[in-house]
Amino acid sequence: MEEPISCPSVARGTPGEWATSEFASLYHEHSRAIYYLALRFLGDPQKAEDATHDVFLKAFRRLDQFRSDATIRTWLYRIAINHCQNLCQSWHNRHIHANSEAAVWENSPANTDSPLRVLETKELGQRIQKTLEALSDEYRLLLLLVADEELSYEEIAALVGQSADAVRGKLHRARKAFAAHFGKTV
Amino acid sequence: MKQQTKLSQKPEHIAEQQTQSPAAKEFSTADELLRFDAAQTTVPPEIAERLKHSAANIAPSKTGWFKRLFN
């Protein structure tokens, strides 16, 4: 049986640190964030597993392309986002339908001031997935990124190629749409 | 500090998270709900195994530090 991956010191920051640090440590620190993004963006555990594998392998291969003006986490996110978006594009799924639906929900009079109530946490994943899939790719991605407390609005803005103010505005609408949809998934 | 920039902002809908029953929870925002969901998510151990095998096919100059970490 294989030895479990060791998890030594945390590897973050500059390329120099990377060069002398352990990839397993990096994997341990960031794999949950990348896997979760892939899982909820792609909506399929097997595809998320494949994507996470591919993202970290790409990261390893492109180590020399890492720029020190980004954190390792945002760099990994960038690879993951590109990867997931390419997959979605190749599947020709959801875009037109989801975009039109999201517009309806974000303008709906649903009571989004109420807290999001969850009676059964065991079904939470399914409800979240269903809700996210009802949103546009853009809203879905923004919500998944902002849920990562390690990312600032500025980093999210850089990842999606928009200004921080634009991200804040869209997030406001995305949260509203999410809350409206989530209430319907009971 | 970057993290504080985002976290210091008040969520759009404020409501204290509370447990209604052993299996019931309330989340004040989508962010909070997704953070909870992310924290509950387990990364399949198969990914690390696959990475280890994939790394074996990468140029020797790069595998040195990679491989030793997976041993």
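Just so it is clear, the model here is predicted, and its values are computed rather than measured.

This next bit is on the overall build of chain B. The secondary structure content of chain B amounts to four helices and two strands. In chain B, the succession of helices and strands from N to C terminus is α-β-β-α-α-α. Taken across its 71 residues, chain B has 23% of its residues classed as buried.

So, on to the overall build of chain A. Helices and strands together make up the secondary structure of chain A, namely nine helices and one strand. Looking at the 186 residues of chain A, the share that counts as buried comes to 42%. Sequence-distant contacts in chain A: of pairs separated by 6 or more residues, those separated by 24 or more amount to 65%.

This brings us to the packing of helix α2 (residues 23-42) of chain A against helix α7 (residues 137-146) of chain A. Residue and element names in this part refer to chain A. Where α2 contacts α7, the axes come no closer than 10 Å and their chain directions differ by 155 degrees. When the axis of α2 is compared with that of α7, the two are roughly antiparallel. Crossing angle aside, the handedness with which α2 passes α7 is right-handed. On α7, the residues that touch Leu37, Arg40 and Phe41 of α2 are Arg140, Leu141 and Leu144.

Compared with an ideal rise of 1.5 Å per residue, which puts 17 residues at 24 Å, helix α3 (residues 45-61) of chain A spans 24 Å between its outermost C-alpha atoms and is within 8% of the ideal. Taken together, the buried positions of α3(A) are Ala48(A), Ala51(A), Thr52(A), His53(A), Asp54(A), Val55(A), Phe56(A) and Ala59(A). Against α2 and α4 (72-91) of chain A together with α3 (46-55) of chain B lie the buried residues of α3(A).

It is worth spelling out the nonpolar core at this point. Residues and elements named next belong to chain A. Counting residues in each nonpolar core, the largest one holds 58 residues, and the members touching the most others are Leu37, Ala38, Leu76, Ala80, Leu142 and Leu143. Looking at this core element by element, the count peaks at 13 residues for α2. Each residue touching Leu76, except ones within four places of it in the same chain, is listed here: His30, Ile34, Val55 and Ala59.

Before going further, it helps to spend a moment on the packing of α3(A) against α3(B). Where α3(A) meets α3(B), the axes come as close as 10 Å, and the angle between the chain directions of the two elements is 40 degrees. On the basis of the axis angle, α3(A) is oblique to α3(B). Between α3(A) and α3(B) the crossing geometry is right-handed. Contacts between α3(A) and α3(B) involve Glu49(A), Thr52(A), His53(A), Phe56(A), Leu57(A) and Phe60(A) from the former and Glu46(B), Ile47(B), Arg50(B), Leu51(B), Ser54(B) and Ala55(B) from the latter. The residue makeup of the contact of α3(A) with α3(B), split by class, is six nonpolar, three polar and three charged.

This part covers the domain arrangement of chain A. Residues and elements named next belong to chain A. Taken as a whole, chain A is organised into domain 1 (1-93) and domain 2 (94-186). Across the contact, 12 residues belong to domain 1 and 15 residues belong to domain 2. Elements represented by at least two residues in the side of domain 1 that touches domain 2 include exactly α2 and α4. Sort the elements by how many residues they give to the side of domain 1 that touches domain 2 and α4 lands first, with six residues.

Another point: the confidence of the model for chain A. All names here are of chain A. Counting all residues, the mean pLDDT for chain A is 79, and 72% of those residues have values of 70 or more. Note that pLDDT drops below 50 for residues 1-20; the model gives that stretch 33 contacts with residues more than four away or on any other chain. Between residues 107-112, whose pLDDT stays under 50, and residues either more than four places distant or in other chains, the model counts seven contacts.

Moving on: the environment of Asp44(A). Residues and elements named next belong to chain A. For Asp44, the position within the fold is in the loop between α2 and α3. Residue classification places Asp44 among the partly exposed positions, given that 14 C-beta atoms sit within 10 Å. Linking Asp44 and Gln129, residues 85 residues apart in sequence, is a C-alpha distance of 9.4 Å.

Residues and elements named next belong to chain A. Residue placement: Pro45 occurs in helix α3. On the basis of neighbour count, Pro45 is assigned to the partly exposed category, with 14 C-beta atoms found within 10 Å. Taking the C-alpha atoms as reference points, Pro45 and Tyr35, 10 residues apart in sequence, are found 9.0 Å from one another.

Procedures and definitions
Residues numbered from 1 in each chain as written. Chains lettered and ligands numbered in written order. Predicted model: local features only at pLDDT ≥ 70, side-chain atom pairs only at ≥ 80, totals over all residues. Helix = DSSP H or I, 4+ residues; strand = E, 2+ residues; numbered from the N terminus. Buried ≥ 20, exposed ≤ 12 C-beta atoms within 10 Å, placed from the backbone. Contact = placed C-beta atoms within 7 Å. Axes fitted to C-alpha atoms, helices over the stretch in contact; angles between N-to-C directions. Parallel < 35°, antiparallel > 145°, perpendicular 65-115°, else oblique. Left-handed = near helix turned anticlockwise from the far one by under 90°. Expected span 1.5 Å × (residues − 1). Core = buried A, V, L, I, M, F, W, Y, C linked by C-beta atoms within 7 Å. Nonpolar A, V, L, I, M, F, W, Y, C, P; charged D, E, K, R; others polar. Domains from an automatic or database assignment. pLDDT = per-residue confidence, 0-100.

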